[in-house]
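Structural overview for review
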Amino acid sequence: VELNTITCSAAVNACEKGRQWDQALGLLLAMASAQVELNTITYNTAVSACETGGEWDQALRLLAEMAFNQVELNTITCNAAVSACEKGCQWGHALR
């Protein structure tokens, strides 16, 4: 299987569905190390994995990483991050 954005995004999605947020973040690191492009869809899936896992702080870290890497945030990204903060009772962070 060729290592590219599509195959890696599918693997991140599988981690999200399996409630393996830490594995999803590990895949993002592996993608960056292999110089595979991380796009909005990849990040959205990882943020959703963090939301599912109750890892609001990791979801917000991913938002900051997206901004730093100039990857476009969209409604899905923001909704997942806000939901992660809500689940973690971190409304102050969600409102920033």
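Above this text you will find the structure in question.
So, here's what we can say about the structure. (Residues numbered from 1 in each chain as written. Predicted model: local features only at pLDDT ≥ 70, side-chain atom pairs only at ≥ 80, totals over all residues. Heavy atoms only, no water.)

Considerations on the layout of surface pockets
There is about 150 Å³ of room inside the largest pocket. Forming the boundary of the largest pocket are Leu25, Leu28, Leu29, Ala32, Leu38, Tyr43, Arg61, Leu62, Glu65, Asn69 and Val71. Looking at the lining of the largest pocket element by element, the count peaks at four residues for helix 2 (residues 21-33). In terms of residue class, the lining of the largest pocket is built from eight nonpolar, one polar and two charged. (1 Å grid on protein atoms, 1.4 Å probe; cavity = no way out; pocket = protein on both sides within 12 Å on 5 of 7 lines; lining within 4 Å. Points joined across faces, edges and corners; volume = space filled by probe spheres on them. Helix = DSSP H or I, 4+ residues; strand = E, 2+ residues; numbered from the N terminus. Nonpolar A, V, L, I, M, F, W, Y, C, P; charged D, E, K, R; others polar.)

Digging into the side chain of Thr42
By secondary structure assignment, the location of Thr42 is in helix 3 (residues 40-52). Using a relative accessible area of 0% as the deciding quantity, one classes Thr42 as buried. (Buried < 20%, exposed > 50% of the residue type's maximum accessible area, 1.4 Å probe, protein only.)

Overview of helix 2
Taking 1.5 Å as the rise per residue, helix 2 with 13 residues should run 18 Å; its terminal C-alpha atoms sit 19 Å apart, in good agreement. By the burial criterion, the buried members of helix 2 are Ala24, Leu25, Leu28 and Met31. End-on view of helix 2: buried residues confined to an arc of 115 degrees, all on one side of the axis. Residues Leu29 and Ser33 are exposed on helix 2 and point more than 90 degrees away from its buried face. Where the residues of helix 2 are buried, they touch helix 1 (5-17), helix 3 and helix 4 (56-68). Gln35 lies just past helix 2 and shows a positive phi near 55 degrees. (Expected span 1.5 Å × (residues − 1). Arc of directions from axis to C-beta. Contact = heavy atoms within 4.5 Å.)

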